[in-house]
Amino acid sequence: MKLLDLARALIPSRQKPLEAAGQRSDVPALRGSGTGSSIGVVAADHYRTRQQKRSRRTKQAFLLFVIAPTLAAAVYFGVFASDRYVSQVQLVVLGDSMDVGSSNPLLSLIAPGSVSPSGTIMLYNYLQSQEMVENLDKTIGLRQRYATADADFFSRMRSDAAMEDFYEYYLTRVTVTVEPNSPVLTVTTEAFTPKDAQAISQGLLTISEQTLNKLLSKRQNDTIEFARTEVATAEKRLVEVQKRITTYRMQHSEIDPIQAADAVGSAVGDLTKQLMIARAKLSTMQTYLKASNSQVKLQKAEVKSLEEQLAAARKTLAGKSGSTYAALVSEFETLKSEEELAQEGYAKSLEFLAVARGDAQRQHAYVMGLVSPTLPEKSTEPRRVRMIVTVFIVSMLCFGIALLGVTAIREHGGAA
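Computed from a predicted structure; not experimentally measured.

What counts and how
Residues numbered from 1 in each chain as written. Predicted model: local features only at pLDDT ≥ 70, side-chain atom pairs only at ≥ 80, totals over all residues. Heavy atoms only, no water. Salt bridge = Lys/Arg side-chain N within 4 Å of Asp/Glu carboxyl O. Helix = DSSP H or I, 4+ residues; strand = E, 2+ residues; numbered from the N terminus. Buried < 20%, exposed > 50% of the residue type's maximum accessible area, 1.4 Å probe, protein only. Axes fitted to C-alpha atoms, helices over the stretch in contact; angles between N-to-C directions. Parallel < 35°, antiparallel > 145°, perpendicular 65-115°, else oblique. Contact = heavy atoms within 4.5 Å. Nonpolar A, V, L, I, M, F, W, Y, C, P; charged D, E, K, R; others polar. Pairing = 2+ DSSP bridges.

If you walk through the whole model with that rule in mind, you get 10 salt bridges. Between Asp 196 and Arg 145 there is a salt bridge, with the nearest N and O atoms lying 2.5 Å from each other. One end of the pair, Asp 196, is in helix H7 (residues 194–252); the other, Arg 145, is in helix H5 (residues 142–146), and 51 residues separate them in sequence. Among the salt bridges present, the one from Arg 158 reaches Asp 160, with a minimum N-O distance of 2.9 Å. For Arg 158, a relative accessible area of 48% corresponds to the partly exposed category. Overall, the relative accessible area of 59% leaves Asp 160 in the exposed class. It is possible to trace a salt-bridge network through shared partners that takes in Arg 84, Arg 173, Glu 190, Glu 381 and Arg 383.

Here it is in structure tokens:
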């Protein structure tokens, strides 16, 4: 009755019979009598009839486009619409040695580790992904729970729905929200029974934790595998350099040419000192002995022998031949430098592998439920009164806009 009263207030009432045609500006005034009066009465009757038809059509349109949808909504939501139960769970991603930083002091009291913003974003996207729908269907039979025959036709999902339609339906029943500057995800799940709503929420929590740890494990395994590859490469390089050093030593019969060159250098120094002493002694002898003296001859022979030994030693140490110690030492030093670099690279690769393994043992992700999946006691969806009122208001707005449009078109046509 209230709806009908409101309709009467909005719809123009039927025009009262005109006492005289002259009372309206658009009906010619009746003056005099006779033929003129008859024409005026006919015009007034025609105008009244036209207004009555317009008023009747307006009422019919109001009943069809406002009252009928509202009554249909009232019947559906009041009688046929199935109850939907809402379960809620709040999630947060914690991790050891992961991202640092949390503005919520409560989280630091719950468990060791730090809040992972990157993990939270990843979990937010995964909860609303088609892969989550597929995993839930495999784990808890999500399709059967939403396609149950106990739900009304418009609320339930078709049992033979394609995966794309299934995914769209899932997004209407599962809502994920996150507050700004907060790592907590709030997941709201709707189902047709309390146990189904709680089971879906629990499934979301379990699958999220498994998937997040799986992704983290894959990243760790990739890092360890890369470190192993680096170790193998460095080891191969070191072995090759050591083989070249072994071949070099066998070819030149020298274990360490650098040490041998040092020994030759020391011999050159000793011979140089001996030669200087022998020359000084010869010079002294020549001052008081004749050149034909046997002692002078012996001293000259000793000086000549020392000179020959020194020349040979110098030639061996730094001569022009490829077998001299200068060439041997140069080549050997190059090999030793390569060996040192290879050993250093091998040591660093082993250190990197050890760090990667240590990080893999320390890094773990935890999807923690701050609020466990709730078991609803009564249905909260659909909000029947709100939906009925919403249908009525939307219908009234559409009807009012249409009525204004028709009126404006009619007046514009009359003016033309």
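Turning our attention to the packing of helix H4 (residues 130–140) against helix H6 (residues 163–173). One can describe the packing of H4 onto H6 by two numbers: an axis separation of 10 Å at closest approach and a directional angle of 95°. Viewed along their axes, H4 and H6 adopt a mutual orientation that is roughly perpendicular. For the pair H4 and H6, contact is made by Gln 130, Met 132, Val 133, Glu 134, Leu 136 and Asp 137 and by Met 163, Phe 166, Tyr 167 and Tyr 170, respectively. Residue composition of the contact of H4 with H6, by class: seven nonpolar, one polar and two charged.

Most of strand E4 (residues 185–191) is tucked away: six of the seven residues are buried. Linkage of strand E3 (residues 174–178) to E4, two consecutive antiparallel strands, is achieved through a turn of six residues, within which Asn 181 is found at a positive phi near 60°.

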